[in-house]
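Listed below are the residues making up each chain.
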Amino acid sequence: MRKLTRADLVVVSIMVAVPTLLILVLVWFPALATVALSFTNWNGIGSISSIQGVGATNYVNVTTNYPPFWPALQHNLIWLAALFLVATPVGMFLAVLLDKEIRFSRFYQTAIYLPVVLSLALVGFVWQLIYSRDQGLLNAVLGTQVDWYGDPRYNLWAALVAASWKHVGYIMLLYLAGLKAVDPSLREAAMIDGANERQAFFRVVFPVMRPINVIVLVITVIEALRAFDLVWVINKGRNGLETIATLVTQNVVGEASRIGFGSAMATIMLLISSVFVIIYLTIVMREEKQK
């Protein structure tokens, strides 16, 4: 084995140091700063030395004196339920169909995955053409004049359909990659033992794809909690489309400019998402030890 030269050590050090520095500056520093600011009353004006600590006052105010918070949290949970119970199974079902190498499967993969490369903001504009009250495709088909994006009775569900349209393609790709990696002999052995195709999938193939299942769970939770782009494009997260991310934005960069208050909500969102990330890392590390 060749010994590393001084030049090799310099290159390796740079390759390690640059990504580490970027992660510290772009991820860890903002996250830790957000947590620290959540215990202050800073409004973004004045020097850092003028910041005063207020303890857990912001968290108390968020949960007791800020009416939009609980509806926003409820909307995030509905978003999570819709993605996890509807969009994710649909994506998995499409992956199973495309794994059978049906005719034109490449075309279907491309068509279903295409929304994934679009930003959620652009997805919102695309679905505006469908949901428009006066010129939308949906109203033209149904013969109605419903304001799908404007009416609080419907706009959350309309936004969820648009978000699911994108989420399905991502989940399909993940499960399709997982299915391609499964040993075909496992399915053949299950068939020989008398299992039908559905039993072979849920009792043999699906458990083997456990790492994919965990990744899908974490991604779905994060997507539900950070729901922002789509609802912000629709109506800036108001009138029935409040989410935690839009409330954070309204308080941090909006007219209110309550940095500490908004940071408290961001920290709550960070804690909720961290639970699922920790679960994912625990499962991955446990599987690595068993190998």
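Residues numbered from 1 in each chain as written. Predicted model: local features only at pLDDT ≥ 70, side-chain atom pairs only at ≥ 80, totals over all residues. Heavy atoms only, no water.

A. A look at the overall build of the protein chain. Per the secondary structure count, the protein chain includes 13 helices and zero strands. Ordering the α and β elements of the protein chain from the N terminus gives α-α-α-α-α-α-α-α-α-α-α-α-α. Expressed along its principal axes, the backbone C-alpha trace of the protein chain runs to roughly 75 × 70 × 35 Å. Residues classed as buried in the protein chain amount to 36% of the 291 residues present. Considering only contacts in the protein chain between residues 6 or more positions apart, those separated by 24 or more positions represent 63%. (Helix = DSSP H or I, 4+ residues; strand = E, 2+ residues; numbered from the N terminus. Buried < 20%, exposed > 50% of the residue type's maximum accessible area, 1.4 Å probe, protein only. Contact = heavy atoms within 4.5 Å.)

B. Molecular detail of the nonpolar core. Grouped together as the largest cluster of nonpolar side chains are 24 residues, with contacts concentrated most on Trp79, Tyr149 and Leu230. Top element by residues in this core is helix α7 (residues 155–181). It accounts for seven residues. When near neighbours in sequence (up to four residues on either side) are disregarded, Leu230 contacts Trp79, Leu120, Val123, Gly124, Tyr149, Ala159, Ala162 and Ala163. One finds Val62, Phe69, Val248 and Ile268 within the second-largest nonpolar core, a separate group that totals 17 residues. (Core = buried A, V, L, I, M, F, W, Y, C linked by side-chain atoms within 4.5 Å.)

C. Region of interest: a nonpolar patch on the surface. Judged by side-chain polarity, Val10, Ile14, Val18, Leu21, Leu22, Ile23, Leu24, Val25, Leu26, Val27, Trp28 and Leu32 come together as a nonpolar surface patch covering roughly 1,200 Å² of accessible area. In this fold, Trp28 is placed in helix α1 (residues 6–37). (Patch = residues over 30% accessible without salt bridge, like charges linked within 9 Å, V, L, I, M, F, W, Y side chains within 5 Å. Areas by Shrake-Rupley, 256 points an atom, 1.4 Å probe, with all protein chains shown as cover. Salt bridge = Lys/Arg side-chain N within 4 Å of Asp/Glu carboxyl O.)

D. Region of the structure containing the pattern of salt bridges. One pass over the structure, following the stated rule, counts four salt bridges. Across the salt bridge formed by Glu223 and Arg226, the nearest N and O atoms sit 2.9 Å from each other. Glu223 sits in the partly exposed class, given a relative accessible area of 23%. Under the relative-accessibility criterion, Arg226 is labelled partly exposed at 39%.

E. Just the confidence of the model for the protein chain, in detail. For the protein chain, per-residue confidence averages 84 on the pLDDT scale, and 96% of positions sit at 70 or higher. Mean pLDDT per element in the protein chain: helix α8 (residues 184–192) is the minimum at 77, and helix α3 (residues 69–98) is the maximum at 91. (pLDDT = per-residue confidence, 0-100.)

F. Just the packing of helix α5 (residues 120–131) against α7, in detail. α7 packs onto α5 with a crossing angle of 125 degrees between their chain directions and a minimal axis gap of 10 Å. When the axes of α5 and α7 are compared, the pair comes out oblique. The crossing of α5 and α7 is right-handed. Taking contact as the criterion, the partners of Leu120, Val123, Val126, Trp127 and Tyr131 in α5 are, on α7, Ala158, Val161, Ala162, Trp165 and Lys166. Here the contact of α5 with α7 is composed, by residue class, of nine nonpolar, no polar and one charged. (Axes fitted to C-alpha atoms, helices over the stretch in contact; angles between N-to-C directions. Parallel < 35°, antiparallel > 145°, perpendicular 65-115°, else oblique. Left-handed = near helix turned anticlockwise from the far one by under 90°. Nonpolar A, V, L, I, M, F, W, Y, C, P; charged D, E, K, R; others polar.)

G. View of unusual backbone geometry. Positive phi is not limited to glycine here, since Phe104 has a value of about 65 degrees. Within the secondary structure layout, Phe104 lies in the loop between α3 and α4 (105–113).

H. Layout of the environment of Ala121. When you line up the elements, Ala121 lands in helix α5. When the C-alpha positions of Ala121 and Leu179 are compared, they lie 31 Å apart, and in sequence the two are 58 residues distant.

I. Here's a closer look at the packing of aromatic side chains. As enumerated under the stated definition, the model contains 13 aromatic pairs in all. Look at Phe201 and Phe202: their rings are 5.1 Å apart centre to centre, the planes differ by 85 degrees, and that puts the pair in the edge-to-face class. Centre to centre, the rings of Phe201 and Phe206 are 6.1 Å apart; their planes meet at 50 degrees, and the pair counts as tilted. Among the residues examined, Phe206 registers a relative accessible area of 25% and is labelled partly exposed. Three or more aromatic residues joined by ring pairs make a cluster, and in this case those are Trp127, Tyr131, Trp148, Tyr149, Tyr154 and Trp165. Taking the ring centre of Phe261 as reference, the NZ or CZ of Arg258 above it sits at 4.2 Å. (Phe/Tyr/Trp six-rings, centres within 6.5 Å; stacked < 30°, edge-to-face > 60°. Lys NZ or Arg CZ within 6 Å of the ring centre and 35° of its normal.)

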